[in-house]
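Below are the chains, spelled out letter by letter.
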Amino acid sequence: MVQLKLVALTLLVLWSWWNFEGAVGDPQTLLLKFECSVVSVHDSANFFQNLNASLANLKSQLVSNQSKHFVTAQSTTGTDPVYAMFQCRNYLSNTDCVTCFAVAAATVRNCSTMNTARAIYDGCILRYTSI
Ligand SMILES: *[C@@H]1O[C@H](CO)[C@@H](O)[C@H](O)[C@H]1NC(C)=O
Ligand SMILES: *[C@@H]1O[C@H](CO)[C@@H](O)[C@H](O)[C@H]1NC(C)=O
Ligand SMILES: *[C@@H]1O[C@H](CO)[C@@H](O)[C@H](O)[C@H]1NC(C)=O
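Residues numbered from 1 in each chain as written. Chains lettered and ligands numbered in written order. Predicted model: local features only at pLDDT ≥ 70, side-chain atom pairs only at ≥ 80, totals over all residues. Heavy atoms only, no water.

### Quick word on the site of ligand 1
Looking at ligand 1, the residues that line it are Gln-49, Asn-52 and Arg-109. The side chain of Asn-52 places a nitrogen or oxygen atom 2.4 Å from an oxygen atom of ligand 1. Look at ligand 1: alone it shows 360 Å² of surface, and the protein chains cover 36% of it. (Near = heavy atom within 4 Å. Polar contact = N/O pair within 3.5 Å; in protein donor to acceptor, adjacent residues only side chain to side chain. Areas by Shrake-Rupley, 256 points an atom, 1.4 Å probe, with all protein chains shown as cover.)

### Observations regarding the side chain of Ser-54
As for its position among the elements, Ser-54 is in helix 2 (residues 44-64). There is a polar contact of 3.5 Å between the side chain of Ser-54 and the backbone nitrogen of Ser-75. Dropping the residues within four chain positions of it, Ser-54 is found in contact with Ala-73, Gln-74, Ser-75, Val-82 and Ala-84. (Helix = DSSP H or I, 4+ residues; strand = E, 2+ residues; numbered from the N terminus. Contact = heavy atoms within 4.5 Å.)

### Re the pairing of strand 4 (residues 116-121)
Where strand 1 (residues 31-36) and strand 4 come together, five bridges link them in antiparallel fashion. The residue bridging Phe-34 from the neighbouring strand is Ala-119, located in strand 4. (Pairing = 2+ DSSP bridges.)

### Describing helix 3 (residues 94-109)
The terminal C-alpha atoms of helix 3, which comprises 16 residues, lie 22 Å apart, in line with the 22 Å expected from a rise of 1.5 Å per residue. Turning to helix 3, its buried residues are Asn-94, Asp-96, Cys-97, Val-98, Cys-100, Phe-101, Ala-104, Ala-105, Thr-107 and Val-108. Residues of helix 3 that are buried make contact with strand 1, helix 2, strand 3 (82-88), strand 4 and strand 5 (124-129). (Expected span 1.5 Å × (residues − 1). Buried < 20%, exposed > 50% of the residue type's maximum accessible area, 1.4 Å probe, protein only.)

### Things to note about the pattern of salt bridges
All told, the structure shown has two salt bridges when counted by the stated rule. Taking the shortest distance from any N to any O, the salt bridge between Glu-35 and Lys-33 comes out at 3.7 Å. Overall, Glu-35 belongs to the partly exposed group, its relative accessible area being 33%. A salt bridge links Glu-35 to Arg-118, with the nearest nitrogen and oxygen atoms 2.8 Å apart. One end of the pair, Glu-35, is in strand 1; the other, Arg-118, is in strand 4, and 83 residues separate them in sequence. Overlapping salt bridges, with partners in common, bring together Lys-33, Glu-35 and Arg-118 in one network. (Salt bridge = Lys/Arg side-chain N within 4 Å of Asp/Glu carboxyl O.)

### Section: the confidence of the model for the protein chain
Confidence along the protein chain averages 88 in pLDDT terms, with 82% of residues attaining 70 or more. Low pLDDT, under 50, characterises residues 15-19; the predicted model gives this stretch twelve contacts beyond four residues in sequence or across chains. (pLDDT = per-residue confidence, 0-100.)

### Looking at the pairing of strand 5
Bridge count for strand 3 against strand 5 is six bridges, and the pairing is antiparallel. Counted as the bridge partner of Cys-88 is Cys-124 from strand 5. By the bridge criterion, five bridges tie strand 4 to strand 5 in an arrangement that is antiparallel. Along strand 5, the bridge assignment pairs Arg-118 with Arg-127. Taken together, strand 4 and the strand that follows it, strand 5, pair antiparallel across an intervening segment of two residues.

As C-alpha cells, this is what we get:
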C-alpha cells in the first residue's frame, strides 16, 4: 500500500515535471523532495573526492554546452565510487539551469557521508549514488 502510494506520487511528480511551464528567468528552486539514505560510505575522504569530482564534472558539462539539460558523471577511484545525474527542465535557460544545479548540489552535500541522495526541485533533479 505504501509502495503503491509512492509509485503514484512519483508518477504525479514526473507528470507535473514535464507539463508545468515556469516563468522565464526563474531557476525554480522550490524544494519538493530531499532524501538521503541511512547507510554511510566506507571511506569518507575517498567518497568526498569522488563526489566533488562528479559534481564538478556535471557542472562543467552544463557550462560548456549551453543546450544541455541532462548530464551524468561518475568518479570511481578507490572504495567509494560516485555516480551522479542531473536534469533541469528543458525550458530553463542555461543560467537558470546552472543556478538550480548549484542549489541542488549544496542540498545533497547535506547528506554528508550517506551513500545515496536525491534532491528534487521544481526546476531540476540531482541524484547520486555510491553503490
Ligand atoms: C569537497 O568539496 C567540499 C566543498 O567544496 C570541500 O569542503 C571539501 O574539502 C572537498 N573535499 C575533497 C576531498 O576534495
Ligand atoms: C550540446 O548538447 C546538445 C543536447 O544534448 C547536443 O545535441 C549537442 O550536440 C551538443 N553540442 C556539442 C557541441 O557537443
Ligand atoms: C543544508 O545545510 C545548510 C547548512 O547547515 C542549511 O542552511 C540548509 O538549509 C540545508 N538545506 C537543506 C535542504 O537541508
